[in-house]
Amino acid sequence: MSNARLIPTHPIAGQKPGTSGLRKKTREFMRPGYLENFVQAIFNVLHEDHPGGLGGQTLIVGGDGRYFNREAVLTILRIAAGNGLGRMLVAQRGILSTPAMSIEIRARGAAGGILLSASHNPGGPDADFGIKFNTSNGGPAPESFTARIHAHTLRLTEYRWVEQSGLPIDDLGDFTLGAMNVSVIDSLDGYVAAMQSIFDFDRLRAHLASGFRICFDAMNGVTGPYARRIFEDLLGAAPGTVIRSEPLEDFGGDHPDPNLSHAAALVARLSAPDAPDFGAACDGDGDRNLILGKSFFVSPGDSLAVIAEHAAQAIPAYRAGLAGVARSMPTSMAADRVAAQLGIPSFETPTGWKFFSSLLDAGRITLCGEESFGTGSSHAREKDGIWAVLAWLSILADTRQPVSEIVNAHWRRFGRSYYQRHDYEALDATAADAMLARLRARLDSLGGLSFAGSTIESAGEFNYTDPVNGDTSNNQGVRIFLADGSRAVIRLSGTGTEGATLRLYYESYSKDDIGQDCAARIEPLAAAIRALLELEQSVGRVQPDVIT
Ligand code: G16
């Protein structure tokens, strides 16, 4: 660790990673020592795991390009050098999508990666920032690892630093920082090659050449350059197919969250008289996706189920069939029905992509997805927005049906899970906690209660035991099951940066009655849950901030 300086610091409270790493207001991260402490805590865990030193190890660093990304990358490089890391691969200009990070870690055999993103949350000095560590399988560090990072943040006394100015991270090539070798790598090449190995690009190109029109909204996030390369350069879509394609530090002042609220302009374009055949969007860091047909929204649970239904037929990489599918607990149960039909196992995990990793690593599943607009496969250990868009494009090329017909055919075959998530943001955290505590105290007495035109069959906490490694994660959300087959899930978000975010998830299944208005079908259940929670009295809200 030649020329490393030891910079005194003191523990900073509140550096406990949530659903996906540490997410806070950007200004908090900009406080002296805040980022440095967290990064040093990551390295302390790595030192514990590599007692012989980090000289033989390679890590990757990059982020979604939001405000403070560049400064954070430069800080991480200096602390990595201070900690005696052998080699750091840094994405050009410090920008790398979340799925690309996962793919690069796996492809290059790196010991892990440090990823800078607050995902779909807005960017800017007064918005959000985040950091997480991904392990050598390419996936977000498991809770056992992040708990150790947190423990170190509580007892840090110093961080290690190599001072060196003018680090050339904009140009491909190599340099040294202290004794550490740094390689600046292309952000797109590895990812694009991975997509070409999964999908039949010739077939997709032919489909687009036949007059099939698409529009991809990069929401001024990290995917713009990836999408231009893939959809316009390689697949031959018309120039301008990718909109909002310039990655911006503040995402143009918008919320880079691909859902019906925040991608409203794309939704409007798909409803216009001259609408393209297919619309899609990705979030700030490129792991979430939104799928649209002409005047038609594909809910994420249906998207996973439809991809599972068609993958073996439409996508070369899955031609041999799927090992299994997994979904997070609040995600609609549509994929389970496809798995049953295919004769493959399905799994229900807590919210958080990290819970899919052990199943993917063990080869127990091939596809997985979440209601929070995440879908992915065994090619990575993060959800992958552009992968999901290419999966849909493959199904569209294979079936030659419109998006709406593909989904309607799915419903006719399997029935329909009417599904909505209602979010209540920036609630008073104490009031929200108290409301959930009151609910938990009543859970045992809810069975048999008349509820939303039905009866509560059971109510309880979702506790999870990982079927591969036996790790347990308890209290992952309250589930209420009704006798008519519908259910509600109640949990607090682990990714919010302000107060508490309450998520209420509603699902109502019908085998034959597939043509109802989703909101109307869900409302009686939603009203009953609001009443059960005494939502208005407890947190002063009735209307959700976002419905997805
Ligand atoms: C992260 C996780 C997802 C999770 C989502 C929402 O996604 O990777 O698994 O579903 O947060 O979590 P919560 O409901 O706790 O806010 P992202 O896209 O934000 O990294």
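Residues numbered from 1 in each chain as written. Predicted model: local features only at pLDDT ≥ 70, side-chain atom pairs only at ≥ 80, totals over all residues. Heavy atoms only, no water.

1. Section: the nonpolar core
- Ranked by size, the top nonpolar core spans 74 residues in total, and within it M195, F231, F278 and L390 carry the most contacts.
- With 11 residues, the single largest contributor to this core is helix 13 (residues 385–399). (Core = buried A, V, L, I, M, F, W, Y, C linked by side-chain atoms within 4.5 Å. Buried < 20%, exposed > 50% of the residue type's maximum accessible area, 1.4 Å probe, protein only. Helix = DSSP H or I, 4+ residues; strand = E, 2+ residues; numbered from the N terminus.)

2. Quick word on the site of the ligand
- Taken together, 18 residues lie around the ligand, and E370, S493, G494, T495 and R503 are the ones closest in.
- Take E370: an N or O atom from its side chain is 2.7 Å from an oxygen atom of the ligand.
- One nitrogen or oxygen atom from the side chain of K383 is found 2.8 Å from an oxygen atom belonging to the ligand.
- Its residues assigned to classes, the shell around the ligand shows 1 nonpolar, 10 polar and 7 charged. (Near = heavy atom within 4 Å. Polar contact = N/O pair within 3.5 Å; in protein donor to acceptor, adjacent residues only side chain to side chain. Nonpolar A, V, L, I, M, F, W, Y, C, P; charged D, E, K, R; others polar.)

3. Section: the environment of M88
- Looking at the secondary structure, you find M88 in strand 4 (residues 87–95).
- Separated by 12 residues in the primary sequence, M88 and I76 place their C-alpha atoms 9.8 Å from one another.
- Apart from residues no more than four positions distant in its own chain, M88 is found in contact with L59, I60, V61, I76, L77, A80, M180, N181, V182 and S183. (Contact = heavy atoms within 4.5 Å.)

4. Thoughts on the domain arrangement of the protein chain
- One can read the domain layout of the protein chain as domain 1 (5–187), domain 2 (191–414) and domain 3 (416–547).
- Listed by partner, the interface residues are 28 residues for domain 2 and 24 residues for domain 3.
- Between domain 2 and domain 3 the total buried area reaches about 2,300 Å² when both faces are included, carbon and sulfur atoms providing 56% of it.
- If you look at where domain 2 meets domain 3, you find 3 salt bridges.
- The partner of R421 in a salt bridge is E371, with the nearest N and O atoms 2.8 Å apart.
- Elements with a contribution of two residues or more to the side of domain 2 that touches domain 3: helix 11 (334–342), strand 16 (346–349), helix 12 (354–361) and helix 14 (403–414).
- Considering each element in turn, the side of domain 2 that touches domain 3 owes the most residues, 5 residues, to helix 14. (Domains from an automatic or database assignment. Buried area = accessible area lost by both parts, 1.4 Å probe. Salt bridge = Lys/Arg side-chain N within 4 Å of Asp/Glu carboxyl O.)

5. Focus: the sheet that holds strand 15 (residues 325–328)
- Taken together, the 4 strands give an open sheet; going across it, the order is 16-15-17-18, and neighbouring strands pair in mixed fashion. Pairing within the sheet leaves two strands with one partner each, and these edge strands are strand 16 and strand 18 (374–377). Adjacent strand axes in the sheet meet at a mean angle of 15 degrees, parallel and antiparallel pairs treated alike.
- By the bridge criterion, 3 bridges tie strand 15 to strand 17 (residues 367–370) in an arrangement that is parallel. Paired with R327 across the bridge in strand 17 is G369. (Pairing = 2+ DSSP bridges. Axes fitted to C-alpha atoms, helices over the stretch in contact; angles between N-to-C directions.)

6. Concerning the layout of surface pockets
- Approximately 980 Å³ is the volume attributed to the largest pocket.
- Those elements that provide at least two residues to the lining of the largest pocket are strand 2 (22–25), helix 5 (143–153), helix 12, helix 15 (429–442), strand 25 (487–492) and strand 26 (500–510).
- Considering only residue class, the lining of the largest pocket consists of 8 nonpolar, 17 polar and 11 charged.
- Taken as a whole, the second largest pocket holds about 390 Å³ of empty space.
- Along the wall of the second largest pocket there are 24 residues; nearest its centre are N121, H255, E425, G496 and T501.
- Top contributing element to the lining of the second largest pocket by residue count: strand 19 (residues 416–427), with 4 residues.
- Here the residues of the lining of the second largest pocket sort into 4 nonpolar, 11 polar and 9 charged. (1 Å grid on protein atoms, 1.4 Å probe; cavity = no way out; pocket = protein on both sides within 12 Å on 5 of 7 lines; lining within 4 Å. Points joined across faces, edges and corners; volume = space filled by probe spheres on them.)

7. Points about the environment of I79
- Tracing the backbone through its elements, the reader meets I79 in helix 3 (residues 69–82).
- The class of I79 is buried, set by a relative accessible area of 0%.
- Sequence separation between I79 and F43 is 36 residues, and the spatial gap between their C-alpha atoms is 8.6 Å.
- The residues touching I79, leaving out its near neighbours within four places in the chain, are E36, V39, Q40, F43, Y159, R160 and W161.

8. Brief notes about the sheet that holds strand 10 (residues 214–217)
- What the 5 strands build is an open sheet, ordered 11-10-12-13-14; its pairing is mixed. Lying at the two open borders of the sheet, with one neighbouring strand each, are strand 11 (242–243) and strand 14 (296–298).
- Alignment of strand 12 (residues 278–282) against strand 13 (residues 289–293), held across 5 bridges, turns out to be antiparallel. The residue bridging C282 from the neighbouring strand is N289, located in strand 13.

9. Concerning empty space enclosed by the protein
- Applying the stated rule across the entire model yields 5 cavities of 30 Å³ or more.
- Forming the boundary of the largest cavity are 24 residues, of which T19, R288, T351, S372 and T495 lie nearest the centre.
- Taken together, the residues of the lining of the largest cavity break down into 3 nonpolar, 9 polar and 12 charged.
- Put simply, the second largest cavity is a space of about 90 Å³.
- Around the second largest cavity sit 13 residues that line it, and S20, G21, K132, A141 and T146 are the ones nearest its centre.
- Elements that contribute at least two residues to the lining of the second largest cavity include exactly strand 6 (128–135) and helix 5.
- Of the residues in the lining of the second largest cavity, the class split is 6 nonpolar, 5 polar and 2 charged.

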